[in-house]
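# Residue-level structure breakdown
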Amino acid sequence: MGLSDKQDALVKQSWELLKQDIPKNSIRFFTLILEMAPDSKQMFSFTKDTINIEDNPPLKAHAAKLFMMTCEAAIQLREKGQVVVSNTTLKHLGSVHSDKGVMEPQFEIVKEAFLTTLKEAMGGKWSEEMKEAWLEAYDELAAAIKIEMKQESREQKMEFSEEQEALVKEAWEMMQQNIPEFSIRFFSLILEIAPSAKSLFSYLSQSDEYEVPQDNPQLRAHAATVFKMTCEAAVQLREKNEIVLSNTTLDDIAAVHHQRGVSKTHFPIMRAALLKTVKEAVGDEKYTDEMEEAWRIAFDELANAITEGMKAKEEEAEDP
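Summarised in this report is the structure supplied together with it. The written sequence of each chain sets the order in which its residues are numbered from 1. Totals for whole chains, interfaces and linings use every residue, but because this is a predicted model, local features are given only for residues with pLDDT of at least 70 and side-chain atom pairs only at 80 or more, for both listing and counting. Where side-chain values are given, they derive from all heavy atoms of the structure, hydrogens and water being excluded.

## What to know about the overall build of the protein
Numbering of helices and strands runs from the N terminus; a helix is a DSSP stretch of H or I covering at least four residues, while a strand is a stretch of E covering at least two. A tally of regular secondary structure across the protein gives 13 helices and zero strands. Contacts: residue pairs with any heavy atoms within 4.5 Å of one another. Considering only intrachain contacts with a sequence separation of at least 6, the fraction spanning at least 24 residues in the protein is 75%.

Written as structure tokens, this is what we have:
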């Protein structure tokens, strides 16, 4: 991620000129957006009366805020090593963009308007190298906002009722009384359903010391960690309204899964093993269709979060 030394210098050099007349440049920026996409005025309550920015103080102020935020994010990109926005957060921007129904084509329109504004403002100092520098910076900002939009959308779609939470917690209360037994059962089922999964673990694929894989101390420890992490993520899902992991992060989990070659096809196998483990743990009488659905939803939320992280790792690996 980020700009080269030369790109950073070009961005900063042009910003010194651009910031000398923020009102003019920001008005031009937003005027171009509305010219390229007239329908976008519907996204702003303060454009109902007039879209003439000069005659619309709220729109004028919004244009200046957006233009400065975009430019300042570019200025800080190399130094910070990540996208940093002024006077707000990426999470808030993601939420606002998601609520307003912003889509991929609109980011492209804003980019075109932004680059056109910069080109006009810079005049003879504008160059292809300067354009590429600002393009890189803008794309980093847009990508960061889109990530937050996806997270916002996922959270909004998450439906996990109080009844489902109660069912998950009921089962977990029983299982946590004997985590070693249920965790090794969980992993044994994974290896029974998909024997090839053994190759994902170096301490299984490189040694035949243990006739039965689940007798392997390293596997037992790993099974307990994964089982407990999965169950605790399910238990906290409704309260936190997001995936929360114990003693690790989604980014770390995604990185490990990516490195080991885990694919999307492995998650349904894990889900089947988990559901069967829960059923055996609570017994047929307590294990209802409703309880199975609650655990399925919780596991799928975790799997989706990890899968998204793995996809990001793959894209990073492909980016030279």
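## Overview of the pattern of salt bridges
Each reported salt bridge corresponds to a side-chain nitrogen of Lys or Arg within 4 Å of a carboxyl oxygen of Asp or Glu. Counted by the stated rule, this structure contains 16 salt bridges. The residue Lys6 makes a salt bridge to Glu129 at a minimum N-O spacing of 3.0 Å. Residue Lys6 is located in helix α1 (residues 5-18), and its partner Glu129 is located in helix α6 (residues 128-157); the two are separated by 123 residues in the primary sequence. Only protein chains enter the calculation, and the probe is 1.4 Å; a residue is then buried if its accessible area is under 20% of its type maximum, exposed if over 50%, and partly exposed in between. Taking the relative accessible area as the measure of exposure, Glu129 reaches 45% and is therefore partly exposed. For the salt bridge of Arg238 with Glu162, the shortest nitrogen-to-oxygen distance reads 3.6 Å. Taken together, the residues Arg238 in helix α10 (residues 217-240) and Glu162 in helix α7 (residues 162-175) connect sequence positions 76 residues apart. Here the residues in one salt-bridge network are Arg271, Glu293, Arg296 and Asp300, joined through shared partners.

## Notes on the packing of α7 against α10
In contact at an axis separation of 9 Å, α7 and α10 are set at 150 degrees when each is read in the N-to-C sense. Taken together, the axis directions place α7 and α10 in an arrangement best described as roughly antiparallel. As for how α7 packs across α10, the hand of that crossing is left-handed. Packed against α7, whose contacting residues are Glu162, Glu165, Val168, Lys169, Trp172 and Met175, the element α10 presents Phe227, Lys228, Cys231, Glu232, Ala234, Val235, Arg238 and Glu239 at the interface. Only the stretch in contact is used when fitting a helix axis, every axis being a line fitted to C-alpha atoms; angles between N-to-C directions are given from 0 to 180 degrees. Each angle gets one of four labels, with under 35 degrees taken as roughly parallel, over 145 as roughly antiparallel, 65 to 115 as roughly perpendicular, and the rest as oblique. In this scheme the crossing of two helices becomes right-handed for a clockwise turn of the near helix relative to the far one and left-handed for an anticlockwise turn of less than a right angle.

## Notes on a negative patch on the surface
Without a salt bridge and with relative accessible area above 30%, a residue can belong to a patch; like charges are then joined within 9 Å and nonpolar side chains (Val, Leu, Ile, Met, Phe, Trp, Tyr) within 5 Å. The accessible surface values rely on the Shrake-Rupley method and a 1.4 Å probe; as for residues, cover is taken only from the protein chains in view. Neither His nor the chain ends contribute to the count of charged residues, in which Lys and Arg are positive and Asp and Glu negative. Lys charges are placed at NZ, Arg charges at CZ, Asp charges at CG and Glu charges at CD. There is a patch of like negative charges on the surface, built from Glu314, Glu315, Glu316 and Glu318. Mapped onto the elements of the fold, Glu314 is located in helix α13 (residues 289-318).

## Quick notes on helix α3 (residues 57-80)
For a helix, the expected span equals 1.5 Å multiplied by the number of residues minus one. In this model, α3 (24 residues) spans 33 Å end to end at C-alpha, consistent with the 34 Å of a helix rising 1.5 Å per residue. A residue's bend is given by the angle between axes fitted to the 7 residues ending at it and the 7 residues starting at it. Considering bend angle alone, the principal kink of α3 is centred on Ala74 and spans about 25 degrees. Of the residues making up α3, those classed as buried are Leu59, Ala63, Ala64, Phe67, Met69, Thr70, Cys71, Ala73, Ala74, Ile75, Gln76 and Leu77.

## Details of the nonpolar core
Ranked by internal contacts, the top residues of the largest apolar core, which has 54 residues, are Met175, Phe186, Phe227, Val278 and Trp295. Sorting the residues of this core by element identifies α7, α8 (179-193), α10, α11 (250-260), α12 (266-282) and α13 as the ones contributing at least two each. The biggest single contributor to this core is α13, with 11 residues. Ignoring sequence-local partners within four residues, the contact set of Val278 consists of Ala171, Met175, Tyr287, Met291 and Trp295. Here, the term nonpolar core denotes a set of buried Ala, Val, Leu, Ile, Met, Phe, Trp, Tyr and Cys residues that are joined through side-chain atoms within 4.5 Å. Grouped together as the second largest cluster of nonpolar side chains are 47 residues, Leu18, Ala137, Ala142 and Ala144 included.

## Digging into the environment of Val11
Counting through the fold element by element, Val11 comes out in helix α1. Val11 sits in the buried class, given a relative accessible area of 0%. C-alpha separation for the pair Val11 and Glu72, spaced 61 residues apart in sequence, amounts to 9.8 Å. The residues touching Val11, leaving out its near neighbours within four places in the chain, are Leu3, Ala74, Ile75, Ala133 and Trp134.

Any link to function would need more than the numbers given here.
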